[in-house]
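Here's the letter readout for the chains.
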Amino acid sequence: MDAILRQLGELLLSSIPAIFGLLIVWAAYRQIVYTRLQQVLAERQALTEGAMQRAREEIAEAEERTAEYERQVREARAQIFLAQEAHSRRTMEERSQALAEARQKADAMIKSARANLEQEVLSARAVLSQQVESLANEIIEIVLRPAAVRGR
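Fair warning: this is a prediction, and the values are worked out from it, not measured in the lab.

Undergrad: Tell me about the overall build of the chain, and please be specific about residues and values.
TA: Looking only at helices and strands, one finds 1 helix and 0 strands in the chain. The C-alpha radius of gyration computed for the chain amounts to 63 Å, which surpasses the reference 15 Å derived for 152 residues by more than 25%, pointing to a less compact arrangement than a globule. By its C-alpha atoms, the chain is 205 × 30 × 15 Å across when sized along the principal axes. In the chain, which comprises 152 residues, the share counted as buried stands at 0%.

Undergrad: If you had to explain the pattern of salt bridges to someone new, which residues and values would you point to?
TA: Inspection of the entire model under this criterion finds 4 salt bridges. Note that Arg 65 and Glu 61 form a salt bridge whose closest N and O atoms lie 2.9 Å from each other. Here Arg 65 pairs with Glu 61, and both are found in helix 1 (residues 2–150), just 4 residues apart, close to one helical turn. Note on Glu 61: relative accessible area 42%, which makes it partly exposed.

Undergrad: Account for the packing of aromatic side chains, naming residues and giving values.
TA: Under the definition given, this model contains 1 aromatic pair. Taking the centre distance of 6.3 Å and the plane angle of 45 degrees together, the rings of Tyr 29 and Tyr 34 count as tilted.

What counts and what doesn't
Residues numbered from 1 in each chain as written. Predicted model: local features only at pLDDT ≥ 70, side-chain atom pairs only at ≥ 80, totals over all residues. Heavy atoms only, no water. Helix = DSSP H or I, 4+ residues; strand = E, 2+ residues; numbered from the N terminus. Rg over C-alpha atoms; globule rule 2.2 N^0.38 Å. Buried < 20%, exposed > 50% of the residue type's maximum accessible area, 1.4 Å probe, protein only. Salt bridge = Lys/Arg side-chain N within 4 Å of Asp/Glu carboxyl O. Phe/Tyr/Trp six-rings, centres within 6.5 Å; stacked < 30°, edge-to-face > 60°.

What follows is the structure, encoded as structure tokens:
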């Protein structure tokens, strides 16, 4: 067992330069590569997070603009609807006014026609009244004349 321990001791003594070499390589790696790599990774992380934050801000801004655009579209549609409704109302008022005027004209024409008809009826009655009287006189004359002629 002494031989094994001695060999193990020699092995450890001979591996000391390799261990120092390994520690030097590790320290150099840490100093040269690892630190710089951590800085680059931190920079990338910061840039990535910054880009993501900017993207979130731009998305929020785009959503705000979209909401504003949609609000403006709704307002424009409401204004168009109100304008159409007002136009429709004006058209209906114009139609009802034209209809009222046409009714007034028709009523005036009917009143005028009735007045003319009553006038014609009155003049026809007057003419008939005169004709009745003259016809009655003629009839009386004809009826009485034969009696007068007979009596002679």
